[in-house]
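# Close look at the chain arrangement
Residues per chain, in single letters:
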Amino acid sequence: MHLTMKLTTLLLLVTLFCVTTSCKKDDDNNDPDCVKEENYFTAEFDGQILEPYWRTGFGTTRYTFGVNRDNQYNAWVLSVRIEEPDIYIYIWIIDVNGVGFYPIEYVTYDDLMPPLYQKNYVQIEYTDIIADDGYPFMYLSMENTSGIDITSYDSSKGVLVGTFTCGLYAPSNPNDIKQISGEFNINMTTYDPYTKPCWL
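We now turn to the structure provided with this report. Predicted, not measured: the structure shown is a model, and the values here were computed from it. (Residues numbered from 1 in each chain as written. Predicted model: local features only at pLDDT ≥ 70, side-chain atom pairs only at ≥ 80, totals over all residues. Heavy atoms only, no water.)

### Let's talk about the overall build of the protein
Helices and strands together make up the secondary structure of the protein, namely one helix and 13 strands. Start at the N end of the protein and walk to the C end: the helices and strands fall as α-β-β-β-β-β-β-β-β-β-β-β-β-β. Within the protein, the proportion of its 200 residues that are buried is 40%. For the protein, long-range pairs separated by at least 24 residues make up 63% of all intrachain contacts whose partners lie at least 6 apart in sequence. Within the structure as shown, the protein displays about 11400 Å² of accessible surface, and the carbon and sulfur contribution to it stands at 52%. (Helix = DSSP H or I, 4+ residues; strand = E, 2+ residues; numbered from the N terminus. Buried < 20%, exposed > 50% of the residue type's maximum accessible area, 1.4 Å probe, protein only. Contact = heavy atoms within 4.5 Å. Areas by Shrake-Rupley, 256 points an atom, 1.4 Å probe, with all protein chains shown as cover.)

### A few points about the state of the cysteines
Within this structure, the stated rule accounts for one disulfide. Note on cysteine connectivity: Cys34 is disulfide-linked to Cys198, with sulfurs 2.0 Å apart. Taking the torsion about the sulfur-sulfur bond, which here is approximately 75 degrees, the covalent link between Cys34 and Cys198 counts as right-handed. Here Cys34 is found in the loop between helix H1 (2-21) and strand S1 (40-45), whereas its partner Cys198 is found in the segment after strand S13 (173-187), with 164 residues between them in sequence. (Disulfide = S-S within 2.5 Å.)

### What about the nonpolar core?
Taken as a class, soluble globular proteins show a tendency for nonpolar side chains to be buried jointly. Formed by 40 residues in total, the largest nonpolar core has its most connected members in Phe41, Ile89, Ile91, Ile124, Ile148, Ile180 and Phe184. The element contributing the most residues to this core is strand S12 (residues 159-170), with five residues. In contact with Ile180, not counting residues within four places along its chain, are Ala43, Glu44, Phe45, Val122, Ile124, Phe164, Thr165, Cys166 and Leu168. Core analysis: the second largest hydrophobic core is formed by twelve residues, Trp92, Ile94, Val107 and Met138 among them. (Core = buried A, V, L, I, M, F, W, Y, C linked by side-chain atoms within 4.5 Å.)

### Digging into the pairing of S13
Here six bridges tie S1 to S13, and the two strands are oriented antiparallel to one another. Each bridged residue has a counterpart across the sheet, and for Ala43 the counterpart in S13 is Gly182. Note that S12 and S13 share twelve bridges and pair antiparallel. Within the sheet, the bridge partner assigned to Gly162 lies in S13 and is Phe184. (Pairing = 2+ DSSP bridges.)

### Quick notes on the pairing of strand S9 (residues 121-130)
The pairing of strand S7 (residues 87-93) with S9 spans six bridges and is antiparallel. Its bridge partner being in S9, Ile91 is matched across the sheet by Val122. The turn linking S9 back onto strand S10 (residues 136-141) is made up of five residues, and Gly134 within it adopts a positive phi angle of 95 degrees.

### Notes on the environment of Val96
For Val96, the location among the structural elements is in the loop between S7 and strand S8 (100-103). Apart from the residues within four sequence positions on either side, Val96 is in contact with Asn74, Trp76, Tyr102, Tyr153 and Leu160.

### Concerning the environment of Lys178
By secondary structure assignment, the location of Lys178 is in strand S13. Take Lys178: its relative accessible area is 22%, and that puts it in the partly exposed class. Note: C-alpha distance between Lys178 and Asp46 (132 residues apart in sequence) is 6.8 Å. Those residues in contact with Lys178 that lie beyond four places of it in its chain are Phe45, Asp46, Tyr139, Cys166, Gly167 and Leu168. Within the structure, the side chain of Lys178 is placed 3.3 Å from the side chain of Asp46, a separation counted as a polar contact. (Polar contact = N/O pair within 3.5 Å; in protein donor to acceptor, adjacent residues only side chain to side chain.)

### Overview of the packing of aromatic side chains
The description of an aromatic ring pair uses the distance of the two centres, along with the angle that the planes make with each other. Under the defined criterion, the tally for this structure stands at 16 aromatic pairs. A centroid spacing of 5.8 Å and a plane angle of 15 degrees characterise the contact between Tyr88 and Tyr90, whose relative ring orientation is stacked. Residue classification places Tyr88 among the partly exposed residues on the basis of a relative accessible area of 26%. On the basis of relative accessibility, which here comes to 22%, the residue Tyr90 falls in the partly exposed class. By way of ring pairs, the aromatic residues Phe41, Tyr63, Phe65, Phe164, Phe184, Tyr191 and Trp199 are connected into one cluster. (Phe/Tyr/Trp six-rings, centres within 6.5 Å; stacked < 30°, edge-to-face > 60°.)

So, in structure tokens, the structure goes:
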């Protein structure tokens with residue numbers, strides 16, 4: 001009896017904490033002056049629209065759109081945390097030297113290990129599902145299913161704008177094939193993952 005009451009009290013406290021600290025993303029911002037014009041990402045996958053969110057609670061407060069640029073390889077890595085479903089989307093783009101089309105390549109588990117910056121690819125990884133082969137359940141890009149179209153690029157300012165589309169397969173079940181498409185807009189002079197975008 002006492003154990004049940006303690007567990008019930010604990011559950012209520014955790015629920016109250018999440019409500020007061022916004023463990024999930026905040027309500028949409030209705031600011032009429034807000035324009036979603038840069039430093040955003042959106043994709044369509046498995047019938048859903050996927051976008052990064054403003055993550056708060058449990059010591060973490062940030063915009064879940066990560067951008068890493070490696071000037072040595074002219075490479076960009078986009079990492080996007082999605083709230084529902086709980087997944088990460090990774091896009092690797094190498095040898096970026098201007099606007100144009102960059103084919104997406106076929107990758108396996110081995111390609112996810114060093115050395116890095118070897119291929120253009122897309123990876124979707126589920127954070128809470130383990131596949132039958134023991135790896136986190138994921139989808140990896142296939143070749144000859146389109147690629148990344150860079151429509152605006154400025155190396156000095158760190159501007160990268162484009163769209164992407166490709167087929168994906170599940171390494172644990174190669175017959176499980178899906179499609180992803182989307183767009184991204186990055187300006188490194190204004191990119192700050194610790195400042196909440198006005199549209200969130």
